[in-house]
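Chain and residue survey
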Amino acid sequence: MELKPGIVGKQSVMVTEAMTAQKLGSGELPVLATPQMIALMENTAYKSVAAYLGEGQGTVGTRIAVNHLAATPVGMEVSLESELVEIDRKRLVFTVKAYDASGCIGEGEHERFIIDNQRFLEKAEAKKTGA
């Protein structure tokens, strides 16, 4: 399998109270929180390309620019889509969208980088010792 533009990811989730702005502290209302929508978008994108990566490789999110267009209440299903639209060496660019039964609730662009999981973790852990 070859990593190339056009790879699509999809998933659907039911909005629960734990996913609300009220519970996550990003607002006061019991509707899907923007940070939760963004996390779901990132999750959809990274899962879409995981099978195309080499042994010990993963991806990390480095940038996301998203518009949250409409509120979704608890108990509604949200569908997420990502599409890999650009590859520049290890940089992957995705378009991301989220929908509920009423239409598009969020859209934007997400960037991830392909990394060696072990080296990445070692570098992150080294920050603790100032190395």
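Residues numbered from 1 in each chain as written. Predicted model: local features only at pLDDT ≥ 70, side-chain atom pairs only at ≥ 80, totals over all residues. Heavy atoms only, no water.

**A look at the pattern of salt bridges**
The final tally for this structure, using the stated rule, is 7 salt bridges. Here aspartate 88 makes a salt bridge to arginine 89, at a shortest N to O gap of 3.4 Å. For aspartate 88, a relative accessible area of 29% translates into the label partly exposed. The salt bridge involving lysine 128 is made with glutamate 125; its shortest N-O contact spans 2.8 Å. The exposed category is assigned to lysine 128, whose relative accessible area is 67%. Accessibility expressed as a relative area gives 44% for glutamate 125, which makes it partly exposed. (Salt bridge = Lys/Arg side-chain N within 4 Å of Asp/Glu carboxyl O. Buried < 20%, exposed > 50% of the residue type's maximum accessible area, 1.4 Å probe, protein only.)

**A look at the sheet that holds strand β4 (residues 91-100)**
Backbone hydrogen bonds hold the strands of a sheet together, and the pairing may be parallel or antiparallel. Read across the sheet, 5 strands follow the order β1-β3-β4-β5-β2 without closing on themselves; strand pairing throughout is antiparallel. Strands at the two margins of the open sheet, each flanked by one partner only, are β1 (8-14) and β2 (57-68). Each neighbouring strand pair of the sheet contributes to a mean axis angle of 25°, computed without reference to strand direction. Relative to strand β3 (residues 77-88), β1 is paired through 7 bridges, and the arrangement is antiparallel. Looking at the pairing, glycine 9 lines up with serine 82 of β3. Across the sheet, helix α2 (residues 34-50) is in contact with β1, β2, β3, β4 and β5 (103-116); its angle to β2 comes to roughly 140°. (Pairing = 2+ DSSP bridges. Helix = DSSP H or I, 4+ residues; strand = E, 2+ residues; numbered from the N terminus. Axes fitted to C-alpha atoms, helices over the stretch in contact; angles between N-to-C directions. Contact = heavy atoms within 4.5 Å.)

**Structural notes on the layout of surface pockets**
For the largest pocket, the calculated volume is near 160 Å³. Taken together, Lys90, Ile114, Ile115, Asp116, Arg119, Phe120, Lys123 and Ala124 make up the full set of residues lining the largest pocket. Elements that contribute at least two residues to the lining of the largest pocket include exactly β5 and α3 (117-126). Of all the elements, α3 adds the most residues to the lining of the largest pocket, at 4 residues. (1 Å grid on protein atoms, 1.4 Å probe; cavity = no way out; pocket = protein on both sides within 12 Å on 5 of 7 lines; lining within 4 Å. Points joined across faces, edges and corners; volume = space filled by probe spheres on them.)

**Focus: the environment of glycine 61**
The residue glycine 61 is located in strand β2 in this model. It is 7.2 Å that separates the C-alpha atoms of glycine 61 and glutamate 42, two residues lying 19 residues apart in sequence. Setting aside its immediate chain neighbours within four residues, glycine 61 contacts Glu42, His110, Glu111 and Arg112.

**Considerations on unusual backbone geometry**
Here the phi dihedral of arginine 89 falls at roughly 55°; this positive angle occurs in a residue that is not glycine. Relative to the helices and strands, arginine 89 is located in the loop between β3 and β4. Under the relative-accessibility criterion, arginine 89 is labelled exposed at 72%.

**Quick look at the nonpolar core**
Counting 20 residues, the largest nonpolar core has Leu32, Val78, Leu80, Phe94 and Ala98 as the members making the most contacts within it. Secondary structure elements with two or more residues in this core: α2, β3, β4 and β5. Ignoring sequence-local partners within four residues, the contact set of leucine 80 consists of Gly9, Lys10, Gln11, Val13, Met37, Leu40, Met41, Thr44, Lys97 and Ala98. (Core = buried A, V, L, I, M, F, W, Y, C linked by side-chain atoms within 4.5 Å.)

These values are about where atoms sit, not about what they do.
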